[in-house]
Number of protein chains: 2
Amino acid sequence: MNAIPASLLQQTAQLSGSVTRPIPGSRKIHVEGSRPDIRVPMREIALTRTPTVFGGEDNPPVTVYDTSGPYTDPEARIDLAAGLPPLRAQWIAERGDTEELPALTSEFGRAREHDPKLDAVRFPGRRLPRRAKAGANVTQMHYARRGIITPEMEFVAIRENQRLEAVRDAALRAQHPGQGFGASIPEVITPEFVRDEIARGRAILPCNINHPESEPMIIGRNFLTKINANIGNSAVSSGIAEEVEKMVWAIRWGGDTVMDLSTGKHIHETREWIIRNSPVPIGTVPIYQALEKVDGRAEELTWEIFRDTLIEQAEQGVDYFTIHAGVLLRYVPLTARRVTGIVSRGGSIMAKWCLAHHRENFLYTHFEEICEIMKAYDVAFSLGDGLRPGCIADANDAAQFGELETLGELTKIAWKHDVQTMIEGPGHVPMQLIKENMDKQLRECGEAPFYTLGPLTTDIAPGYDHITSAIGAAMIGWYGTAMLCYVTPKEHLGLPNRQDVRDGIMAYKIAAHAADLAKGHPGAQVRDNALSKARFEFRWEDQFHLGLDPEKAREFHDETLPKEAHKLAHFCSMCGPHFCSMKITQDVRDYAAEHGLDERAALEAGMAGKAAEFREQGAEVYRAG
Amino acid sequence: MNAIPASLLQQTAQLSGSVTRPIPGSRKIHVEGSRPDIRVPMREIALTRTPTVFGGEDNPPVTVYDTSGPYTDPEARIDLAAGLPPLRAQWIAERGDTEELPALTSEFGRAREHDPKLDAVRFPGRRLPRRAKAGANVTQMHYARRGIITPEMEFVAIRENQRLEAVRDAALRAQHPGQGFGASIPEVITPEFVRDEIARGRAILPCNINHPESEPMIIGRNFLTKINANIGNSAVSSGIAEEVEKMVWAIRWGGDTVMDLSTGKHIHETREWIIRNSPVPIGTVPIYQALEKVDGRAEELTWEIFRDTLIEQAEQGVDYFTIHAGVLLRYVPLTARRVTGIVSRGGSIMAKWCLAHHRENFLYTHFEEICEIMKAYDVAFSLGDGLRPGCIADANDAAQFGELETLGELTKIAWKHDVQTMIEGPGHVPMQLIKENMDKQLRECGEAPFYTLGPLTTDIAPGYDHITSAIGAAMIGWYGTAMLCYVTPKEHLGLPNRQDVRDGIMAYKIAAHAADLAKGHPGAQVRDNALSKARFEFRWEDQFHLGLDPEKAREFHDETLPKEAHKLAHFCSMCGPHFCSMKITQDVRDYAAEHGLDERAALEAGMAGKAAEFREQGAEVYRAG
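Please read these numbers as outputs of a predicted model, since none were measured by experiment. (Residues numbered from 1 in each chain as written. Chains lettered and ligands numbered in written order. Predicted model: local features only at pLDDT ≥ 70, side-chain atom pairs only at ≥ 80, totals over all residues. Heavy atoms only, no water.)

Asker: Go over the nonpolar core with me, naming the residues and quoting the values.
Answerer: Formed by 310 residues in total, the largest nonpolar core has its most connected members in Phe306, Phe381 and Met431 of chain A together with Phe306, Phe381 and Met431 of chain B. With sequence-adjacent residues up to four places away left out, phenylalanine 381 of chain B is seen in contact with Phe321, Ile323, Phe367, Ile370, Cys371, Met374, Ala414, Val419, Gln420, Thr421 and Met422 of chain B. (Core = buried A, V, L, I, M, F, W, Y, C linked by side-chain atoms within 4.5 Å. Buried < 20%, exposed > 50% of the residue type's maximum accessible area, 1.4 Å probe, protein only. Contact = heavy atoms within 4.5 Å.)

Below is the structure:
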């Protein structure tokens with residue numbers, strides 16, 4: 001394939017400084033694995049010394065999970081037109097079960113490649129696609145089931161542990177017992193545990209062989225809860241450069257995967273730019289593009305067009321496909337009396353197709369052929385919930401649960417092919433009905449990872465659906481959902497801009513972390529403990545840096561107390577300098593230490609007597625009352 | 001009492017238009033009770049007709065709870081210097097058990113009244129205070145226990161029902177069964193039910209006889225979940241006019257009660273302005289002011305100073321007092337090894353006092369004397385959780401639960417005096433430990449209303465604690481908490497400005513409503529159903545108006561599709577005009593209707609056969625795979 005001349009986009013595509021500036025107070029580090037090319041990125045947050053008045057000790061740095069790729073690394077040279085380095089290329093090649101193809105396989109892909117009208121927007125320097133050799137299965141699940149620990153699995157194991165072994169302070173490691181609802185999370189994540197979880201289908205490691213730029217990550221109920229951020233232009237908004245920047249912005253704040261839901265023109269080219277520059281797995285809903293190929297007329301969709309679209313996207317490197325194969329003809333009429341009918345775009349497309357032809361969903365009838373494609377590139381299934389409820393009223397109805405049962409059936413087919421599979425879930429669900437969703441999904445789908453949109457716990461807050469849904473997301477994450485698809489404040493109202501993306505991600509990072517804490521994920525509380533200690537000791541800078549959004553925390557603090565000196569002040573704006581509960585607490589602590597009245601002493605000795613004495617005093621008062 | 005000359009503040013105090021403009025798409029209505037002066041405010045949201053393509057029917061208006069007082073009523077004349085009309089004055093007078101005092105009782109109050117330096121900031125036209133006649137008990141609980149249904153109780157009953165009886169459409173009323181964890185919510189709230197709930201202590205109706213301007217509301221697990229918004233200046237920020245405006249702003253968005261947590265100077269005058277203009281109950285933490293009276297030296301606090309402060313505030317009309325009487329000396333050392341010690345300001349003040357004197361908390365030892373004051377004005381207790389956890393690590397520890405047990409003991413004392421009582425709760429609690437808090441509170445405190453701050457479900461998101469806490473608030477509201485104290489995005493960082501107050505309230509209105517839905521509160525789903533129907537039918541304006549924040553919803557919509565015509569468009573910006581799942585759903589619905597394939601038909605007749613047929617097709621595919 002000849003190099004394509006520098007496009008207009010190539011010359012102009014540049015990220016704005018706001019999305020690439022380093023995250024304050026921390027530095028990118030890489031933890032090396034068993035071979036030098038396993039270099040797992042993390043973010044190390046340096047902390048200051050405890051002020052003398054509080055004890056004066058050193059505070060060790062805290063290491064956190066880092067999804068931001070090289071963009072937040074001041075050492076990294078970013079060139080969007082070149083794409084990221086293909087860090088997995090060697091691992092893929094070493095396995096010897098794939099081959100570089102002489103050209104793109106998909107007809108559509110080839111047509112786009114040779115269309116001179118697209119020169120201005122095409123990603124330059126396209127690599128040739130790879131595919132499994134004839135008869136080979138190149139999925140991580142296939143390797144896992146054969147007992148092979150891939151470099152990707154080892155990478156993930158290191159990544160999940162977040163260097164917890166380096167945290168030695170018992171107080172920092174202290175953690176409440178979790179309630180895991182059947183989760184089986186080990187104290188230390190080993191490569192073998194990763195392999196085993198993938199082998200049994202309880203986790204997926206989405207990593208298309210044509211997306212060697214991706215930094216391996218894992219989605220499963222026994223790992224850290226992940227979040228997905230959707231981006232994508234539509235007919236009415238957004239361009240390629242904007243979408244790439246949105247992807248970089250999304251991973252900066254913690255998006256573990258990104259779904260490109262573009263539906264406008266240049267959908268193919270946009271995706272290419274995104275994937276080539278994305279260190280996180282990219283998911284898509286191929287039916288959106290297939291529909292564009294038939295000018296929006298769902299009834300004209302064919303298996304052949306869809307198949308070509310799958311291959312087109314698989315050869316670009318999409319890591320997981322949402323496939324609405326569970327929207328069966330017989331379920332469609334079950335939605336007719338719903339308040340909001342079918343709200344999933346993919347679901348409604350397939351429903352329309354089924355009704356137009358009065359035939360079964362071709363994604364269902366061709367499901368095994370889809371599996372053959374998935375395993376040739378290691379694309380994971382995200383089995384779409386096309387009949388998810390679009391409002392509280394429609395939650396947990398026959399259509400939704402019928403489809404979920406079918407997704408369970410399809411999961412088993414996919415597993416027969418060793419294709420990695422996760423299951424999409426709702427949607428809009430009031431709190432008391434959330435657990436039923438999780439329990440049914442675990443049961444029907446054999447613990448395949450659940451990947452839910454929210455759920456939104458009420459419909460009455462347009463403009464705030466990141467919050468209505470973060471509530472449901474935290475709960476279902478606790479119950480066992482492996483990945484939470486974010487909802488932005490613009491949900492139901494418009495397309496998210498950059499601020500909305502940030503707000504949506506923050507709400508979901510909170511939900512995911514709250515879920516990890518509640519499940520008792522080992523080490524999940526370290527960051528809370530470190531931040532709370534910093535808060536108590538008025539180490540403002542440390543408090544900012546340990547937060548999910550250091551920039552926002554500082555900005556808010558500075559609104560009330562802008563002076564730099566106040567970052568060292570032993571009081572805060574809420575109470576003012578003369579009246580500070582933290583300060584009083586320190587007095588209490590000093591007093592307790594002086595008088596030997598610490599907790600142990602109180603419980604074991606002196607206080608028992610004292611307590612009795614006070615109870616007596618109290619009793620006297622109440623006798624008089 | 002002579003009229004005080006017009007103060008500077010009187011001349012300048014005016015609300016900005018942004019806090020008083022009517023709420024779009026709705027009008028203030030008043031539902032009359034058994035007597036013409038029981039006029040219960042509600043907000044009626046008018047809806048447009050369903051477009052012909054979706055059926056063309058009329059949509060009845062939806063009535064919602066309205067906390068905003070006269071400020072959103074274009075008919076009302078607002079004069080901050082005059083205060084609101086004393087709508088309960090007649091009811092209070094009729095009972096014949098109170099008397100107007102010749103002067104303020106509290107020494108401090110009298111001193112402030114006669115200090116000419118305060119002329120510029122003093123509220124003009126002060127009414128003389130009322131107090132119970134000697135030996136009388138004027139609490140709503142006292143009346144309730146004697147079988148009396150007060151006008152306040154009837155008001156509340158009407159208010160809680162939100163005209164649900166007017167909603168006749170079955171689809172609009174459709175609702176999922178709730179999970180109430182022992183709540184006993186009737187289908188219709190009667191005045192007798194209100195009385196009974198107050199009598200047994202399961203609900204409180206905070207309405208100081210010196211706050212006749214207040215519109216009665218109720219707090220209890222069998223009523224709608226309420227939210228509180230905190231306002232208040234501190235030594236470093238904010239003035240009187242700003243605080244009054246903040247109160248009006250808070251109730252505009254749905255604050256059911258407002259706590260004035262001011263700690264700066266003019267604390268007395270600020271409170272007077274707020275109460276005289278507040279249609280919602282006002283709560284305070286009297287120890288904050290008492291501490292100011294001893295120049296911030298906690299150890300110099302005395303029962304006498306505190307007592308005078310209680311009376312001062314009771315005669316101004318404060319409706320509930322946070323009293324940290326459960327911070328017992330024996331619990332204080334239990335906090336010494338906490339990560340964040342004592343974070344409650346009131347709790348730390350009392351802890352310091354206890355340690356300084358090595359004596360029991362004077363709020364505890366004088367508790368029955370406090371009850372005597374409470375019942376002379378009908379001030380409700382909000383028994384403070386001075387030892388609540390300030391971080392995840394400290395949740396549910398011995399100090400917190402010890403104090404809760406004491407609060408249970410104090411509840412029973414208060415009830416002996418027929419003093420209305422609620423219990424404050426945490427704080428910072430990971431999700432898996434939340435229910436234990438609720439269960440223990442119900443058990444220890446005999447179902448007295450629980451009033452929780454959040455809880456925050458993680459510590460790692462400074463700048464977003466309205467979200468970390470809305471998650472916990474929704475859950476604990478579901479489990480049985482009666483009122484949720486909001487947390488703003490500025491929590492831990494600075495003083496909330498107006499935008500923060502709005503954001504905090506929205507997060508908490510969401511949490512409270514999500515809790516009502518989950519408990520299965522009768523009629524809770526009507527607004528969700530109406531909004532979802534509007535959404536499905538592309539009635540954009542109706543969708544905005546039915547939302548918790550119509551202004552924000554419109555603003556977000558307009559960012560992407562600003563043109564007025566788009567409010568009527570049968571598509572939205574997310575998918576664009578040629579690709580719309582809602583539109584496809586309508587096609588599905590039409591198709592199903594045409595072919596008799598509605599849900600009933602599908603279940604009862606044709607589809608059974610069809611389903612079997614499709615299963616067969618599917619089976620065939622899988623045989624081949």
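Asker: Which residues make up the packing of aromatic side chains, and what values do they have?
Answerer: All chains considered together, the criterion is met by 30 aromatic pairs over all chains. Both rings, one in tryptophan 249 of chain B and one in tryptophan 253 of chain B, keep their centres 5.4 Å apart while their planes meet at 85°; by these two values the pair is edge-to-face. The two residues tryptophan 249 of chain B and tryptophan 253 of chain B agree in class, both being buried. An aromatic cluster of three or more residues is present, and its members are Trp303, Phe306, Trp353 and Phe362 of chain A. Over the aromatic face of tyrosine 479 of chain A sits the side chain of lysine 435 of chain A, whose NZ or CZ is 5.8 Å from the ring centroid. When the ring centre of phenylalanine 401 of chain A is taken as reference, the NZ or CZ atom of lysine 440 of chain A above it lies at 5.3 Å. (Phe/Tyr/Trp six-rings, centres within 6.5 Å; stacked < 30°, edge-to-face > 60°. Lys NZ or Arg CZ within 6 Å of the ring centre and 35° of its normal.)

Asker: Can you explain the sheet that holds strand 11 (residues 320–323) of chain A? Please cite residues and give values.
Answerer: Across a sheet, paired strands are connected by hydrogen bonds in the backbone, their directions being either parallel or antiparallel. All names here are of chain A. The strand order around the closed barrel formed by 8 strands is 8-9-10-11-12-13-14-15, and the pairing between neighbours is parallel. Averaged over all adjacent pairs, the angle separating strand axes in this sheet is 25°, with direction ignored. Note: strand 14 (residues 450–453) against strand 15 (residues 483–485), 3 bridges, orientation parallel. Bridge pairing in strand 15 places threonine 452 opposite leucine 484. Contacts from helix 9 (residues 240–252) reach strand 8 (226–231) and strand 9 (257–260), with the element oriented near 160° to strand 8. (Pairing = 2+ DSSP bridges. Helix = DSSP H or I, 4+ residues; strand = E, 2+ residues; numbered from the N terminus. Axes fitted to C-alpha atoms, helices over the stretch in contact; angles between N-to-C directions.)

Asker: Pulling in residues and values, what's your account of helix 22 (residues 550–560) of chain A?
Answerer: The complete set of buried residues in helix 22 of chain A reads Pro550, Glu551, Lys552, Ala553, Phe556, His557 and Thr560 of chain A. On its buried face, helix 22 of chain A is in contact with helix 9, helix 19 (498–519) and helix 21 (540–546) of chain A together with helix 19 (498–519) of chain B.

Asker: Any details on the packing of helix 10 (residues 267–276) of chain B against helix 12 (residues 303–316) of chain B? Residues and values, ideally.
Answerer: All names here are of chain B. Interaxial distance between helix 10 and helix 12 falls to 10 Å at its minimum, and their mutual angle equals 30°. Of the possible angle classes, the one that applies to helix 10 and helix 12 is roughly parallel. Contact residues: helix 10 offers His268, Arg271, Glu272, Ile275 and Arg276, while helix 12 offers Glu312, Gln313 and Gln316. Tallied by class, residues from the contact of helix 10 with helix 12 come to 1 nonpolar, 3 polar and 4 charged. (Parallel < 35°, antiparallel > 145°, perpendicular 65-115°, else oblique. Nonpolar A, V, L, I, M, F, W, Y, C, P; charged D, E, K, R; others polar.)

Asker: Go over the sheet that holds strand 14 (residues 450–453) of chain B with me, naming the residues and quoting the values.
Answerer: Residue and element names in this part refer to chain B. Read once around its circumference, the closed barrel built from 8 strands follows the order 8-9-10-11-12-13-14-15, with strand pairing classed as parallel. On average, adjacent strands in this sheet sit at an angle of 25° to one another, irrespective of strand direction. Of the strands in this sheet, strand 10 (282–284) and strand 11 (320–323) touch helix 12, which is tilted by about 160° from strand 11.

Asker: Please set out the environment of threonine 560 of chain A residue by residue, giving values where relevant.
Answerer: Summarising the element assignment, threonine 560 of chain A is placed in helix 22. With 271 residues separating them in the primary sequence, threonine 560 of chain A and glutamine 289 of chain A have C-alpha atoms 49 Å apart.

Asker: Before we move on, can you summarise unusual backbone geometry with the specific residues and values?
Answerer: Put simply, glycine 454 of chain A and proline 455 of chain A share a cis peptide bond, and its omega is 10°. Tracing the backbone through its elements, the reader meets proline 455 of chain A in the loop between strand 14 and helix 18 (465–479). Here the phi dihedral of arginine 163 of chain A falls at roughly 55°; this positive angle occurs in a residue that is not glycine. If you check the backbone angles, histidine 492 of chain B has positive phi at about 75° while not being a glycine. Relative to the helices and strands, histidine 492 of chain B resides in the loop between strand 15 (483–485) and helix 19.

Asker: Give a description of the side chain of arginine 330 of chain B that names residues and reports values.
Answerer: All names here are of chain B. When you line up the elements, arginine 330 lands in the loop between strand 11 and helix 13 (345–357). Of the side chains bearing the opposite charge, glutamate 360 lies closest to the buried arginine 330, which forms no salt bridge; the N-O distance is 4.6 Å. At 3.2 Å, the side chain of arginine 330 forms a polar contact with the side chain of tyrosine 331. (Lys, Arg positive; Asp, Glu negative; His and termini not counted. Salt bridge = Lys/Arg side-chain N within 4 Å of Asp/Glu carboxyl O. Polar contact = N/O pair within 3.5 Å; in protein donor to acceptor, adjacent residues only side chain to side chain.)

Asker: For the pairing of strand 8 of chain A, give the residues involved together with the corresponding values.
Answerer: Residues and elements named next belong to chain A. With 6 of 6 residues buried, strand 8 is to be regarded as a mostly interior element. Judged from the 3 bridges that link them, strand 8 and strand 15 form a sheet pairing that is parallel. The residue bridging asparagine 228 from the neighbouring strand is cysteine 485, located in strand 15. Pairing between strand 8 and strand 9: 4 bridges, direction parallel. Paired with isoleucine 231 across the strands is aspartate 260, a residue of strand 9.

Geometry only, nothing functional implied.
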